[in-house]
Amino acid sequence: GQIPAVLYGGGETVSFSVDPREIKPLIYTPNSYIVDLEIDGKTEKAVLRDVQFHPIREEILHMDFYRVQPGKPVAISIPVRLTGNAEGVKIGAQLDKLPDELVIDVTPLGVGKTIFVGDLNFDGVKFLTPATTAVCAVRVTRASRGADAAAAK
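Values in this document were obtained by computation on a predicted structure and should not be read as measured data. (Residues numbered from 1 in each chain as written. Predicted model: local features only at pLDDT ≥ 70, side-chain atom pairs only at ≥ 80, totals over all residues. Heavy atoms only, no water.)

*Asks:* Give me the overall build of the protein chain: which residues, what numbers.
*Replies:* If you tally the helices and strands in the protein chain, you get three helices and seven strands. Looking at the protein chain as a whole, 20% of its 153 residues qualify as buried. Within the protein chain, counting contacts between residues at least 6 apart in sequence, those at least 24 apart form 39% of the total. Surface summary for the protein chain: the accessible area is close to 12,100 Å², and the carbon and sulfur share equals 53%. (Helix = DSSP H or I, 4+ residues; strand = E, 2+ residues; numbered from the N terminus. Buried < 20%, exposed > 50% of the residue type's maximum accessible area, 1.4 Å probe, protein only. Contact = heavy atoms within 4.5 Å. Areas by Shrake-Rupley, 256 points an atom, 1.4 Å probe, with all protein chains shown as cover.)

As structure tokens, this is what we get:
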């Protein structure tokens, strides 16, 4: 019932395991944290670097932590939340920011149809992914073929 994990950085690599219930708040959040890991009676400060999930069941297979050492910089992702009303916007300028998400309406998407990256157009966003990459598609299933055949009779 434990999740295998590794702590690396600062020379020594340590393998250990963690209780999945204790690690949930660290995984299912956009926030980044410095955590205290107690391994064999020794406390180590670390940041979560990577999590591997099972491809079908969303269970955690393995975790990688990076040791935080005093005086040594660590690169981590930190979410940004903007507040307030920019002075420049008050006088008519525009505030540009990265979108939190891109919302795509799939309501008109019929059977056998696909939305590609090249079909998307969002102000201020340039896609680096190739235009021919599929974003989503409605595929024919055996059940839908059977329903179509029954409706045609």
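Having seen the structure, we can now continue with the description.
*Asks:* Quick rundown of the pairing of strand 4 (residues 42-53)? Include the residues and the values.
*Replies:* Summarising the sheet, strand 3 (residues 34-39) and strand 4 pair through six bridges and their orientation is antiparallel. Pairing of D36 across the sheet is with K45, part of strand 4. Where strand 3 hands over to strand 4, the hairpin turn is made up of two residues, of which D40 adopts a positive phi near 50 degrees. Adjacent in sequence and paired antiparallel, strand 4 and strand 5 (residues 60-67) are bridged by six residues. (Pairing = 2+ DSSP bridges.)

*Asks:* Requested: an account of the pattern of salt bridges, with residues and values cited.
*Replies:* With the rule as written, the count across this model stands at six salt bridges. Between R67 and E44 there is a salt bridge, and its shortest N-O distance comes to 3.0 Å. Taken together, the residues span a long stretch of sequence, with R67 in strand 5 and E44 in strand 4 at a distance of 23 residues. In this structure, R67 and E44 share a single accessibility class: buried. Through salt bridges that share partners, K42, E44 and R67 make up one connected network. (Salt bridge = Lys/Arg side-chain N within 4 Å of Asp/Glu carboxyl O.)

*Asks:* Give a detailed account of the confidence of the model for the protein chain, specifying residues and quantitative values.
*Replies:* Mean pLDDT over the protein chain stands at 82; residues scoring 70 or higher make up 83%. The lowest-confidence element of the protein chain is helix 3 (residues 142-152), averaging 61 in pLDDT; the highest-confidence one is strand 1 (residues 3-8), averaging 94. (pLDDT = per-residue confidence, 0-100.)

*Asks:* A description of the side chain of D64 should follow, citing residues and the corresponding values.
*Replies:* By secondary structure assignment, the location of D64 is in strand 5. Polar side-chain contacts of D64 include one of 3.2 Å to the side chain of H62. In contact with D64, other than residues within four places in its own chain, are V6, Y8, V47, L48, R49, D50 and Q52. (Polar contact = N/O pair within 3.5 Å; in protein donor to acceptor, adjacent residues only side chain to side chain.)

*Asks:* Run through unusual backbone geometry, naming residues and quoting values.
*Replies:* In this model, D40 sits at a positive phi of 50 degrees, which is unusual for a non-glycine residue. With respect to the helices, strands and loops of the structure, D40 is situated in the loop between strand 3 and strand 4.

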